[in-house]
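Descriptive structure summary
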2 protein chains.
Amino acid sequence: MTEIPCTHPRFASLKIRTLIEEGVAQGITSTAGLIAHGRGEAFDYLLGEDTYDFALEAMYEAVKVLKTAKHPIISVNGNTAVLVPDSIVKLSKIIQAPLEVNIFHSSKEREVAIANHLQKHGAENVLLPSSDTELTGLESNRRFVNPEGIAKADVVFVPLEDGDRCEYLVKRGVRVITVDLNPLSRTARTSHITIVDNVVRAIPALINLLLNTPTNSSKSFSNREILIRAEKKLRAFSQCS
Amino acid sequence: MTEIPCTHPRFASLKIRTLIEEGVAQGITSTAGLIAHGRGEAFDYLLGEDTYDFALEAMYEAVKVLKTAKHPIISVNGNTAVLVPDSIVKLSKIIQAPLEVNIFHSSKEREVAIANHLQKHGAENVLLPSSDTELTGLESNRRFVNPEGIAKADVVFVPLEDGDRCEYLVKRGVRVITVDLNPLSRTARTSHITIVDNVVRAIPALINLLLNTPTNSSKSFSNREILIRAEKKLRAFSQCS
């Protein structure tokens, strides 16, 4: 892997990209995950690679929901595992929610590799999907869940979710919190709370809010309004200098 | 590889994605190439996956420059080789420019695989980078060039270039023509002529212009103005349902 000089104008983005590439070598990320990461890079680029008020407000709402959840679960795929292993483990401990490995393309080996990776980063409560517990009506491998995890969760925090399962969970009455750089995606539009931000910035920021912000505010929250603001930012013409 | 039904709403995009994934299996595309393709997918999606006037005007200018070049070279990386092998070979023959294999991440095997792939598609003049000929001051593997190719070129046509080398070539006085779906990228902004389009559509369209359009027009060309129009189009995406 080429060493990236820290003076490079695209250093942060290239550093993250390297993590994803290493994830493939480690059997954690899929090739489809690489392409998905590229799509995320494009949206992040257009958004100016920053965390905006619409993301912070969604995080604030997420904090409120996570703090009052009875059975919160964090659903982790390959990209999340390689991009933010330390922060996702930390989040899991703070909100006392298990990390449930759940991936779109079926691969037992990759599920185990993800679980091992999370444990190496300090995770104490990692659940694997069970072939006996299925969300009926879903096509993708995401339908297999753990009976002690997503199957009985009242709140699912799932960065980088897919549209089908998101719709399914919401229909089932589960509260879904997601992180998605595309404010127009089905996941973004279906979730109860959409944090339009890069997971690399969003998870640490969410932890910071969790640890340092009182949650007694009664400010109302509209995900639709959040997404409209995010889309406006995405459309805001910058310049080609 | 999953068979994609031709009735699928994303058929064209998924077909292209399959080419790139097969390119990895054939040792032609790198994992970084997959991520780059994902970025391209997102930009193309937002642009409505179409070829616009700003792309055609840039192609028209490219035709003029290529027809009057003394030593034109086509710089080919893994993604270009798997996405448009036939058209890039055809372009090489029409403008009598060698195809020079040049990739960002060092890999002798991948360079040879790309050259073989191009030859299988009819290429007669393929150059490989030489470890003796280096563009000094560049960090990436893109610095190694062929003494009969990029090293002495006055015009480099390089779809999917990287920002560093593009800046380098331009500083050196070489005229650079690129194809880049991101009008904000360093490459797009540094090149003399930026065709903001998908290579899959752009190379055949360029060939069509080359064969069928007289070049005696004196219409002035501003790449900056082209990029502003492309960015406006990008930010004005319609609905992604």
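Structural notes, computed from the coordinates. (Residues numbered from 1 in each chain as written. Chains lettered and ligands numbered in written order. Predicted model: local features only at pLDDT ≥ 70, side-chain atom pairs only at ≥ 80, totals over all residues. Heavy atoms only, no water.)

Across the contact, 33 residues belong to chain B and 30 residues belong to chain A. Summing the contributions of chain B and of chain A, the shared interface buries around 3,000 Å²; its carbon and sulfur component is 63%. On the chain B side of the interface with chain A, the three residues burying the most area are Ile 35, Arg 235 and Phe 237 of chain B, jointly 23% of the side's total. For the pair chain B and chain A, the number of links is two salt bridges. (Contact = heavy atoms within 4.5 Å. Buried area = accessible area lost by both parts, 1.4 Å probe. Salt bridge = Lys/Arg side-chain N within 4 Å of Asp/Glu carboxyl O.)

Turning next to the packing of aromatic side chains. Per the stated rule, a full pass over the model turns up two aromatic pairs over all chains. When the ring of Tyr 52 of chain A is compared with that of Phe 54 of chain A, the centres are 5.4 Å apart and the planes differ by 25°; the resulting orientation is stacked. Phe 54 of chain A shares its class with Tyr 52 of chain A; the two are buried. In this structure, Arg 235 of chain A is placed above the aromatic ring of Phe 237 of chain B, and the distance from its NZ or CZ to the ring centre is 3.7 Å. Directly above the ring of Phe 237 of chain A sits Lys 232 of chain B, whose terminal nitrogen or CZ lies 5.4 Å from the centroid. (Phe/Tyr/Trp six-rings, centres within 6.5 Å; stacked < 30°, edge-to-face > 60°. Buried < 20%, exposed > 50% of the residue type's maximum accessible area, 1.4 Å probe, protein only. Lys NZ or Arg CZ within 6 Å of the ring centre and 35° of its normal.)

Here we come to the sheet that holds strand 6 (residues 193–195) of chain A. Residue and element names in this part refer to chain A. In space, the six strands of this open sheet follow the order 3-2-1-4-5-6, with parallel pairing throughout. Of all the strands in the sheet, just strand 3 (126–127) and strand 6 have a single pairing partner and so form its edges. The sheet contact formed by strand 5 (residues 175–179) and strand 6 spans three bridges and is parallel. Bridging from a neighbouring strand, Ile 177 pairs with Ile 193 of strand 6. Across the sheet, helix 7 (residues 163–171) touches strand 1 (72–76), strand 4 (155–159) and strand 5, and the angle it forms with strand 5 is around 150°. (Pairing = 2+ DSSP bridges. Helix = DSSP H or I, 4+ residues; strand = E, 2+ residues; numbered from the N terminus. Axes fitted to C-alpha atoms, helices over the stretch in contact; angles between N-to-C directions.)

Residue and element names in this part refer to chain B. An order of 3-2-1-4-5-6 is seen for the six strands of this open sheet, with the pairing classed as parallel. Strands with a single pairing partner mark the edges of an open sheet, and in this sheet they are strand 3 (126–127) and strand 6 (193–195). Pairing between strand 2 (residues 99–101) and strand 3: two bridges, direction parallel. Bridge assignment links Glu 100 to a residue of strand 3, and that residue is Leu 127. Packed on one face of the sheet, helix 3 (residues 53–68) meets strand 4 (155–159), strand 5 (175–179) and strand 6 and runs near 135° to strand 6. Along the sheet, helix 9 (residues 199–212) makes contact with strand 4, strand 5 and strand 6, crossing strand 4 at roughly 140°.

For the rest of this paragraph, the subject is the pairing of strand 1 (residues 72–76) of chain B. All names here are of chain B. With five of five residues buried, strand 1 lies mostly within the body of the structure. Burial along strand 1 is two-sided: the residues Pro 72, Ile 74 and Val 76 and Ile 73 and Ser 75 are all buried. Bridge analysis of strand 1 against strand 4 gives three bridges, and the strand direction is parallel. Counted as the bridge partner of Pro 72 is Val 155 from strand 4. Bridge analysis of strand 1 against strand 2 gives three bridges, and the strand direction is parallel. Each residue of the ladder has a partner; that of Val 76, found in strand 2, is Val 101.

Interpretation in functional terms is not warranted from these geometric data alone.
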